[in-house]
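# Structural overview for review
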Amino acid sequence: TSTLGTAATRVQRALLAVGVISAIAIPARFVANAHGVAAVTMFSAFIVTVLINTFLAGRQDGDKCPHRRLYHIVYRAISLSMVLTLAGAVAVHLILDDFNHVVLIVEVALILEFGAYWVVQTIELWNVSTRDELADGECRPKGERLLHAL
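Let me sum up the structure you'll find in this document. (Residues numbered from 1 in each chain as written. Predicted model: local features only at pLDDT ≥ 70, side-chain atom pairs only at ≥ 80, totals over all residues. Heavy atoms only, no water.)

## What to know about the pattern of salt bridges
Tallied over the full model, the rule gives 1 salt bridge. Glu 124 is the salt-bridge partner of Arg 131, the closest N and O atoms lying 3.0 Å from each other. (Salt bridge = Lys/Arg side-chain N within 4 Å of Asp/Glu carboxyl O.)

## Brief notes about the packing of aromatic side chains
This structure, assessed with the given rule, holds 6 aromatic pairs. Seen in terms of ring centroids, Phe 46 and Phe 114 are 4.1 Å apart; in terms of plane orientation they differ by 15°. Their pairing is stacked. Note that Phe 46 is positioned in helix α2 (residues 27–57) and Phe 114 in helix α4 (residues 101–124), a separation of 68 residues in sequence. Take Phe 114: its relative accessible area is 15%, and that puts it in the buried class. Taken together through their ring pairs, the aromatic side chains of Phe 43, Phe 46, Tyr 75, Phe 114, Tyr 117 and Trp 118 make up a single cluster. (Phe/Tyr/Trp six-rings, centres within 6.5 Å; stacked < 30°, edge-to-face > 60°. Helix = DSSP H or I, 4+ residues; strand = E, 2+ residues; numbered from the N terminus. Buried < 20%, exposed > 50% of the residue type's maximum accessible area, 1.4 Å probe, protein only.)

## Re helix α3 (residues 68–95)
If you check α3, its first and last C-alpha atoms are 40 Å apart, about what 28 residues at 1.5 Å a residue would give, namely 40 Å. Listed in full, the buried residues belonging to α3 are Tyr 71, His 72, Tyr 75, Ile 78, Ser 79, Met 82, Thr 85, Leu 86, Ala 89 and Val 92. Next to the buried residues of α3 lie α2 and α4. (Expected span 1.5 Å × (residues − 1). Contact = heavy atoms within 4.5 Å.)

## Quick notes on the packing of α2 against α4
How two helices pack is summed up by the angle between their axes together with the distance between the axes. Closest axis-to-axis distance for the α2/α4 pair is 11 Å, and the angle between their directions is 25°. With respect to α4, the element α2 is oriented roughly parallel. Remark: the crossing between α2 and α4 carries left-handed chirality. Touching His 35, Ala 39, Phe 43, Phe 46, Thr 49, Val 50, Asn 53 and Ala 57 of α2 are Glu 107, Leu 110, Ile 111, Phe 114, Tyr 117, Gln 121 and Glu 124, all from α4. By residue class, the composition of the contact of α2 with α4 is 9 nonpolar, 4 polar and 2 charged. (Axes fitted to C-alpha atoms, helices over the stretch in contact; angles between N-to-C directions. Parallel < 35°, antiparallel > 145°, perpendicular 65-115°, else oblique. Left-handed = near helix turned anticlockwise from the far one by under 90°. Nonpolar A, V, L, I, M, F, W, Y, C, P; charged D, E, K, R; others polar.)

## Focus: α4
Count 3.6 residues to each turn of an α-helix, and residues three or four apart come out pointing the same way. For α4, which comprises 24 residues, the first-to-last C-alpha distance of 35 Å matches the rise-based estimate of 34 Å (1.5 Å per residue) to within 8%. Looking at α4, one finds that the buried residues are Val 103, Val 106, Glu 107, Leu 110, Glu 113, Phe 114, Tyr 117, Val 120, Gln 121 and Glu 124. Against the buried residues of α4 lie α2 and α3.

Listed below in structure tokens is the structure:
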């Protein structure tokens, strides 16, 4: 198992434990904040996924992926827009006192941004089984997969 995979598993278990304990120990507060916490956690995971792919796309073998610079730039733009949109969502949530449709609009924007990433990744990886096939030899440790967890 990779270090990243182990870390991701531990974070996931910790978040689950905090959620379960919160639901039992402080149910009213849990209900009041569950959507916001879940949304930020989910969208943060989306953003981390795009950032990891941005990192990997920038280190692909130029012969295997002749458009790697373009994909790297597009992934960077998408990840930046997602970070700014998530920051906007948190700001809107903190500024507005009660539920507002603006929060839903921002969440839809994040979903559409992730959808754009998914389309770009599908085009990029259309002719390969995994991103490993495009990796630069120096990027892959000991000939193993880049990300065991993913």
